[in-house]
Amino acid sequence: TVVFPERGEAPADIAIRDGRIVGILSPGEATGPVRETIDASGRHVFPGLIDPHLHFGFAEPIEEFRTETASAAIGGLTTTIAYLLSSDPYSEMFQQAVEDCAARAHIDFAFHFSIATETHLAEFERYVRDYGVTSFKHFMNFKGEEGRYMGLAGTDDGFMYDLMQTAAGFEHAVIVTHPENIEVVNRMKAQFIEAGRDGLKAYCQSKPAFTESENMVRAMHFAEHLRARVYFPHVSCAAGFEEVRWFRRRYDRVLVETCPHYLTHDWDSSKGSLDKANPPLRSPEDVEATWAALADGTIDTVGSDHVPRRRANKEKNIWQASQGFPGAATILPVLLSEGYHKRGLSLRRIAQVCGSRPAEIFAIDKRKGFIAPGHDADLTIVDLELEREVRWQDLLSHADYGPYDGWTLKGWPVMSMVRGTVVMRDGKLVGPAGHGRYLHRPLD
């Protein structure tokens, strides 16, 4: 059963030649010599899944190109778009990053660039034209000292204005905007610490939903005024989704991503600092609102915000613990188990938010995100009834824990292929490192 993002489920055979799909056939229709047949009867075949939000290099800068694409492959992902975050000009480091990743990646990959300096702005056209990068991260919270721990100089609303104005001149460009009112957050954090508040819930409540949704409104106004496309990553709260629904009535170039953990975890999690993220986990009511936004189309994509943190950097006082955790390998099992099986989320919707929509938004839809002749033979084959307990040791990440450890999830990928090459079979990595290719966007 093929899950087509455009029209839903249908029985079909898929013909592949030289790494591309060359035919969608009625079952049993194929004639002539066939070199290999993969029997997917009783299974569901999705377009190769795309994670539009992954981070490399927070612990092992080069080795993580191998470990984290291996982990992504275990989860049925066939393409990832990762963030390069630097205050240095990308002209000085982009080519090396591509070479390092291409030598190690198990799946295809692209990059978003964080734009935080005047040199970045001056080189913007080069990034689009020569490097094939069409998506650019702007941290609204990296003002003053906030961004320096990541080597970013810090930005302000005037810089965001110039960035969106520049991006509006390029057909495929999209500004990935992290919305967070850091001035309010910093004051609240100081008050919480002074009052002796500690623990995960205190951290989460020190960054209330207002500090996310208020920045979203301002960014949408900027985008509308400048005719730019704005993409909000990791949206976590009911207030944010409501603002997007309202604003889209007058300006529709607003795009929304959420992450699996905002569908499954809330601020009462018993794992404490291991579940520290930014944006933080929200209330149970926000979790329900995120499911509703996923079902009704408010959400365009689901990305992992995968960061391969180690427990040693997480098991600290909540105010000192590192933010983020691994998640690429469990995007699909979470959506199948908690969404499809428990809530009736359609398989077509999963194929859209994990396939066709990220492909369209990030300009790789001519080759990725769909099951159609001419597209790359990127396929994720799923057993909807397979139940497995999540163990971080099975997921091959540099991280030594995960937010779903101990959970039993129903519905797992059992095979995936990238450009016709099987990279994962029965939960085991079988594809070689170095198979992944850099995607120069727009991809045609």
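Residues numbered from 1 in each chain as written. Predicted model: local features only at pLDDT ≥ 70, side-chain atom pairs only at ≥ 80, totals over all residues. Heavy atoms only, no water.

**Things to note about the overall build of the protein chain**
Thought 1: Of the regular secondary structure elements, the protein chain holds 13 helices and 17 strands.
Thought 2: Against the compact-globule benchmark of 22 Å for 444 residues, the protein chain has a radius of gyration of 21 Å, which places it among compact chains.
Thought 3: With the C-alpha coordinates aligned to their principal axes, the bounding extent of the protein chain is approximately 70 × 45 × 45 Å.
Thought 4: By residue count, 59% of the 444 residues in the protein chain fall in the buried class. (Helix = DSSP H or I, 4+ residues; strand = E, 2+ residues; numbered from the N terminus. Rg over C-alpha atoms; globule rule 2.2 N^0.38 Å. Buried < 20%, exposed > 50% of the residue type's maximum accessible area, 1.4 Å probe, protein only.)

**Considering helix H11 (residues 284-296)**
Thought 1: Counted at 1.5 Å a residue, the expected span for H11 with its 13 residues is 18 Å, and the 19 Å between its end C-alpha atoms agrees.
Thought 2: Within H11, burial applies to Asp286, Val287, Ala289, Thr290, Trp291, Ala293 and Leu294.
Thought 3: Those residues of H11 hidden inside the fold are in contact with helix H9 (238-248), strand E12 (254-258), helix H10 (261-264), strand E13 (301-302), helix H12 (331-343) and helix H13 (347-361).
Thought 4: Where H11 terminates, the next one or two residues include Gly297, which has phi positive at roughly 95°. (Expected span 1.5 Å × (residues − 1). Contact = heavy atoms within 4.5 Å.)

**With respect to the sheet that holds strand E9 (residues 135-139)**
Thought 1: One open sheet accounts for 8 strands, arranged E6-E7-E8-E9-E10-E11-E12-E13; its pairing is parallel. Of all the strands in the sheet, the pair left with one neighbour each is strand E6 (49-55) and E13.
Thought 2: Taken together, the 2 bridges between E12 and E13 define a ladder with parallel strand orientation. Bridging from a neighbouring strand, Thr258 pairs with Val302 of E13.
Thought 3: Running over the sheet, H13 touches E6, strand E10 (174-178), strand E11 (230-232), E12 and E13 and is turned about 70° from E6. (Pairing = 2+ DSSP bridges. Axes fitted to C-alpha atoms, helices over the stretch in contact; angles between N-to-C directions.)

**A short note on the packing of aromatic side chains**
Thought 1: This model, assessed by the stated rule, comprises 21 aromatic pairs.
Thought 2: Here the aromatic rings of Phe124 and Phe170 are separated by 5.4 Å at their centres, their planes lie at 50°, and the arrangement is tilted. Of this pair, Phe124 sits in helix H4 (residues 124-129) while Phe170 sits in the loop between helix H5 (157-167) and E10; the two residues are 46 residues apart in sequence, bridging distant segments of the chain.
Thought 3: Owing to a relative accessible area of 23%, Phe170 belongs among the partly exposed residues under this scheme.
Thought 4: Note on Tyr161 and Phe222: the rings are 6.2 Å apart at their centroids and 75° apart in plane angle, and the pair reads as edge-to-face. Of the two residues, Tyr161 is situated in helix H5 and Phe222 in helix H8 (residues 209-226); the sequence distance between them amounts to 61 residues.
Thought 5: Clustering of aromatic rings is evident, with ring pairs tying together Tyr90, Phe94, Phe109, Phe111, Phe113, Phe124, Tyr127, Tyr131, Phe136, Phe170 and Tyr438.
Thought 6: One residue, Arg7, lies across the ring of Phe4, its end atom 3.8 Å from the ring centre. (Phe/Tyr/Trp six-rings, centres within 6.5 Å; stacked < 30°, edge-to-face > 60°. Lys NZ or Arg CZ within 6 Å of the ring centre and 35° of its normal.)

**A look at unusual backbone geometry**
Thought 1: Of note, the amide linkage connecting Asn278 to Pro279 takes the cis form, showing an omega dihedral of 0°.
Thought 2: Looking at the secondary structure, you find Pro279 in the loop between H10 and H11.
Thought 3: The omega angle of the peptide bond from Arg441 to Pro442 is -5°, so this bond is cis rather than trans.
Thought 4: Take Pro442: it is sitting in the segment after strand E17 (428-429).

**Structural notes on the nonpolar core**
Thought 1: Ranked by internal contacts, the top residues of the largest apolar core, which has 75 residues, are Phe46, Phe111, Phe113, Phe136, Met164, Leu294 and Leu335.
Thought 2: Here Leu294 is in contact with Leu263, Ile299, Val302, Leu335, Leu345, Arg349 and Val353, once residues within four sequence places are set aside.
Thought 3: If you look at the next biggest cluster of nonpolar residues, it comprises 17 residues, including Ile50, Val176, Leu255 and Ile361. (Core = buried A, V, L, I, M, F, W, Y, C linked by side-chain atoms within 4.5 Å.)

**Points about the environment of Ala293**
Thought 1: Mapped onto the elements, Ala293 comes out in helix H11.
Thought 2: Residues Ala293 and Val256, spaced 37 residues apart in sequence, show a C-alpha to C-alpha distance of 9.8 Å.
Thought 3: The contact partners of Ala293, leaving out residues within four places of it in the chain, are Phe241, Arg245, Thr298, Ile299 and Arg349.

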